[in-house]
Each structure stands twice: as C-alpha cells, then as structure tokens.
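Below, each chain spelled out in residue letters.
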Amino acid sequence: MSVGKKDITCPPEAIGTPVKDSDLKEGKVTYVEDHPDIRYAWTAGQAISRFLKELKNGKLIATKCNSCRRVMFPPRMFCELCFKPIDDWVYVQDTGTVQTFSISYIDPDAKPLPEPIIVAVIAVDGASPKMGIMHILDEVKPEDVYIGMKVKAVWKDEEEREGAITDIKYWKPVG
Amino acid sequence: MVFNEKIVNPTELKHWEGKIELYWVYTSGNAGDEFFKALKEDKFIAAKCKKCGMVYFPPRIYCEYDFSETEYVEVSGEGSIRAFTVARLDKNEEPLEKPEIYAIIDLDGTDGCILHLLDEVKPEDVYIGMRVKPVLKAKDAREGKITDILYFKPT
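Our subject in this report is the structure included herewith. For every chain, the first residue of its written sequence is number 1, and the numbers climb from 1 along that sequence. Chains carry letters from A onward and ligands carry numbers from 1 onward, assigned in written order. Per-residue local features are limited, in this predicted model, to residues with pLDDT of at least 70; the limit for side-chain atom pairs, both in listing and counting, is 80 or more; totals at the level of whole chains, interfaces and linings are taken over all residues. Excluding hydrogens and water, the side-chain figures rest on all heavy atoms present in the structure.

## What about unusual backbone geometry?
The step from Phe73(A) to Pro74(A) runs through a cis peptide bond, and the omega angle for that step is -5°. Omega for the bond connecting Phe57(B) with Pro58(B) falls within 30 degrees of zero, at -5°, which places this linkage in the cis form. Counting from the N terminus, the helices are the DSSP runs of H or I reaching at least four residues and the strands are the DSSP runs of E reaching at least two. When you line up the elements, Pro58(B) lands in the loop between β4 (55-56) and β5 (70-75). Phi is positive for Phe67(B), which is not a glycine, with a value near 60°. Mapped onto the elements, Phe67(B) comes out in the loop between β4 and β5. At Glu120(B), a position not held by glycine, the phi torsion is positive, near 60°.

## Concerning the pairing of strand β11 (residues 150-155) of chain A
All names here are of chain A. Bridge analysis of strand β8 (residues 95-106) against β11 gives 3 bridges, and the strand direction is antiparallel. By the bridge assignment, Gly96 is partnered in β11 with Val151. Between any two strands, at least two bridges found by DSSP are needed for them to pair. Strand direction decides the pairing type here: β11 and strand β12 (residues 168-173), joined by 5 bridges, are antiparallel. The partner of Ala153 across the bridge, within β12, is Trp171.

## Considerations on the environment of Val19(A)
Residues and elements named next belong to chain A. Considering the arrangement of structural elements, one finds Val19 in the segment before α1 (21-25). Residue exposure (1.4 Å probe, protein chains only): buried if accessible area is under 20% of the type maximum, exposed if over 50%, otherwise partly exposed. Since its relative accessible area comes to 39%, Val19 is described here as partly exposed. On a C-alpha basis, the gap between Val19 and Val29 in space is 8.2 Å, while along the polypeptide they are 10 residues apart. Contact partners of Val19, with chain neighbours within four places excluded, come to Leu24 and Val29. In this analysis, two residues are considered to be in contact whenever any of their non-hydrogen atoms come within 4.5 Å of each other.

## Observations concerning the pattern of salt bridges
Each reported salt bridge corresponds to a side-chain nitrogen of Lys or Arg within 4 Å of a carboxyl oxygen of Asp or Glu. For the coordinates displayed, the defined rule picks out 21 salt bridges over all chains. Where Glu26(A) meets Lys28(A), a salt bridge forms, and the shortest distance between an N and an O atom there is 3.3 Å. Under the relative-accessibility criterion, Lys28(A) is labelled partly exposed at 47%. The salt bridge partner of Glu120(B) is Lys153(B), with a shortest N-O separation of 3.9 Å. With Glu120(B) in the loop between β8 (113-118) and β9 (131-136) and Lys153(B) in strand β10 (residues 149-154), the pair connects residues that are 33 residues apart, well separated along the chain.

## Here's the deal with the interface of chain A and chain B
Put simply, an interface is often sized by how much accessible area is lost when its parts join up. With 41 residues of chain A in contact, the opposing surface of chain B contributes 36 residues. Computed with a 1.4 Å rolling probe, the buried area is the accessible surface lost when two parts are put together, summed over both parts. Roughly 3400 Å² is buried in total at the junction of chain A and chain B, and carbon and sulfur atoms are behind 58% of that figure. When residues of chain A are sorted by the area they lose upon contact with chain B, Thr30(A), Tyr40(A) and Gln46(A) head the list and together hold 19% of the total. Taking the shortest distance from any N to any O, the salt bridge between Asp37(A) and Lys19(B) comes out at 3.8 Å. Only β1 (31-34), β2 (38-43), α2 (45-56) and β7 (88-92) of chain A provide two or more residues apiece to the side of chain A that touches chain B. Just so you know the grouping, Ala, Val, Leu, Ile, Met, Phe, Trp, Tyr, Cys and Pro go in nonpolar, Asp, Glu, Lys and Arg go in charged, and all remaining residues, Gly too, go in polar. Considering only residue class, the side of chain A that touches chain B consists of 20 nonpolar, 9 polar and 12 charged. Judged from the 6 bridges that link them, β2(A) and strand β1 (residues 15-20) of chain B form a sheet pairing that is antiparallel. Bridged to Ala41(A) within β1(B) is Glu17(B).

## Points about helix α1 (residues 29-39) of chain B
What α1(B) keeps buried is the set Ala31(B), Gly32(B), Asp33(B), Phe35(B), Phe36(B), Ala38(B) and Leu39(B). Along its buried surface, α1(B) packs onto β3 (44-49), β5, β9 and β10 of chain B.

## As for a nonpolar patch on the surface
Patch definition: residues above 30% relative accessible area lacking any salt bridge, with like charges linked at up to 9 Å and the nonpolar side chains Val, Leu, Ile, Met, Phe, Trp and Tyr linked at up to 5 Å. For the accessible areas, the method is Shrake-Rupley and the probe is 1.4 Å, while residue cover comes only from the protein chains on display. On the surface, Val32(A), Ile38(A), Tyr40(A), Trp42(A), Trp16(B), Ile20(B), Leu22(B), Trp24(B) and Tyr26(B) cluster together to form a nonpolar patch covering roughly 920 Å² of accessible area. Where the nonpolar patch is concerned, the elements lending two or more residues are β2 of chain A together with β1 and β2 (24-27) of chain B. With 3 residues, the single largest contributor to the nonpolar patch is β2(A). Its location among the elements puts Leu22(B) in the loop between β1 and β2.

## Description of α2(A)
Residue and element names in this part refer to chain A. A helix is expected to span 1.5 Å multiplied by its residue count minus one. With 12 residues, α2 extends 17 Å between its outermost C-alpha atoms, agreeing within 8% with the 16 Å of an ideal straight helix rising 1.5 Å per residue. Along α2, the residues classified as buried are Gln46, Ala47, Ser49, Arg50, Phe51, Leu52, Glu54 and Leu55. On its buried side, α2 packs onto β3 (60-64), β7, β11 and β12. Phi turns positive one or two residues past the end of α2, at Gly58, with a value near 80°.

## Digging into the sheet that holds β3(A)
All names here are of chain A. Taken in spatial order, the 3 strands make up an open sheet running β4-β3-β7, and their pairing is antiparallel. What marks the edges here is a single partner per strand, and that holds for β4 (71-72) and β7. Bridge count between β3 and β7: 5 bridges; the pairing is antiparallel. When the bridges of β7 are listed, Leu60 appears paired with Val92. Those strands touched by α2 are β3 and β7, and its axis lies near 150° from that of β3. The angle between two axes is taken between their N-to-C directions and runs from 0 to 180 degrees, where each axis is a line fitted to C-alpha atoms and a helix contributes only its stretch in contact.

Written out as structure tokens, the structure is:
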C-alpha cells in the first residue's frame, strides 16, 4: 500500500453511533452477550497452609534459614538465596512497620467507596528487615499514615477465625 | 529437620477457591446490524466500496484501503470452501457424538469470507473448492446472531 497523501472522503473525525441500554433491551440493535463461568483454585502449599493454620490460633509464623540467618515471612519451605530447605519455624510478633501504602477510593469493580481503604505493606517485628505482608490499615485517617509508622494487628474473635488472611481484621497504629 | 514436620494429610493442606466475574455485550455495529437484520429477511448483505469496488463480507461501513464510503449490495450467500477442519472433541475435550466440520467459505460476488459449520456431508467427502449454500433457522426463530445460519450444506 502506498504511503502519503490520499483522497480521503471520510470526515477526519468519524462520528460514532451511540447505543442506549434500552436499545439493547428492546432489541433495536443486534448483539451477542456472555457471562463466562471462570473458576480457579489456588493451593496454598506446605508453608502457607501452616501459616494459615497458625492464623486461626492468633499467631504469625515464619521460617528460618541457618545459612543466611534470615527469618522469612510469609513462611516458605526453601531459602531462595541459599537454595536449601529451611531449618526452623519461628513465631513472629503481630506488630510491624508500614513499608509502603496506598489509599483506594474505589472497590474492585471501580465503584466509589463510602470510606477510602488504606492498603499497606507491613514488615512484621521478629522477621528479617523488609519481610512483610500486604494488609489493610484502619483506625487512622489517610492523611495521618506515613512510611515507618508502627502498627499492630487487630484480630477477629477466636471463634470467628477460619484460617484465612482475613482472620486479621486490619492493622491499627500503636500508641 | 523441618521436613519431618511436613503436612502429610492432604486434607490439612489449604486451598483457596475463587470466581472471576466477567460479563460482556458486543454489539454488531452499523454494518453488522444491517447484515443481521437483512438475514431475518433471507437476504445476505455485503458492502461495496464506491471508489475501488472492493466487496466486503462481512459488510463494513467504510473501505479499509481508501477510507471511502461503501454501499450495501445483496449477494446470494452461496460460496465455495477455502479451508476446513474436522473437530472430534468439544471445547471441554469430551468426544463428540458426531464430528463437527468448520470451514472458511468464500462467498460468491464478494472479496470476503465467513467461518461457519458444514453439515449434511460426511467429513471424508469435504474438499477444498466444494460448492455450499446456507441453511437458515426458521424465520420466526431468528434473533440477529450468527447462529441464525444453522450451517452450510453442499449444493
């Protein structure tokens, strides 16, 4: 195809044809629709299964490598730096430090939320530096959150816990 | 050694189940709308470029080569097979009772083609260049979808 000036008869801005919701319902325009059933199952594996089981008891567990002396959280079965199986399981505290955070004003469907939620990466105390999980913060205003803020986990009541990450309701500032 | 503490009972290993919500509506567009509405009246519509004479099937509202307008022309709907494949499994890989034949059909009087099913013919009897014609749904059952054409059969 040749490149260059062409005798274009179409207007430079082609005007679209708006379609209303009612046009679809009344069958004025033809269309196809689908609602595919997409399901998945994610297996937690050895280390995360144990982690989730301990959440039910209200505890956070990590794994330790004796070669590099790191305490890894969330736990894993292999040390990715030493390429060897982990050596020990250790409990860590349910307090930590905000590493980074984000304020979200919309839900997963992009609908506005009545109150913004604060999502943060929290490095837990007792694990090696910068080892942490992503969770939500509450009992704090978005404008008061800062990197390095000390936070503490707020747990669900013991009988309500089910071995899921939501067994921790949220993290709140300490002091 | 920690590996002695491994979880050996598979029911103790946890998993997480989820569902991805997805819903979509795809409108046929100006030319597609014209095509499906004409199909309800047993007509096949193609679009001819007013400038270069290229005949598009499925119809388009403008020519892709020189951006000029097109006009709708009626075609017979008959055509010849350009390529075909025989499916013996369904989309979940379950064996089909009867193999399905999918073909790309060059429509007479157009420069375009359509991908559709073949029927009333055995898979071993299909050949490239075979002449076929469409079989439409009952007139009152047509709903403006490509399935309004049930299949193509040899003429």
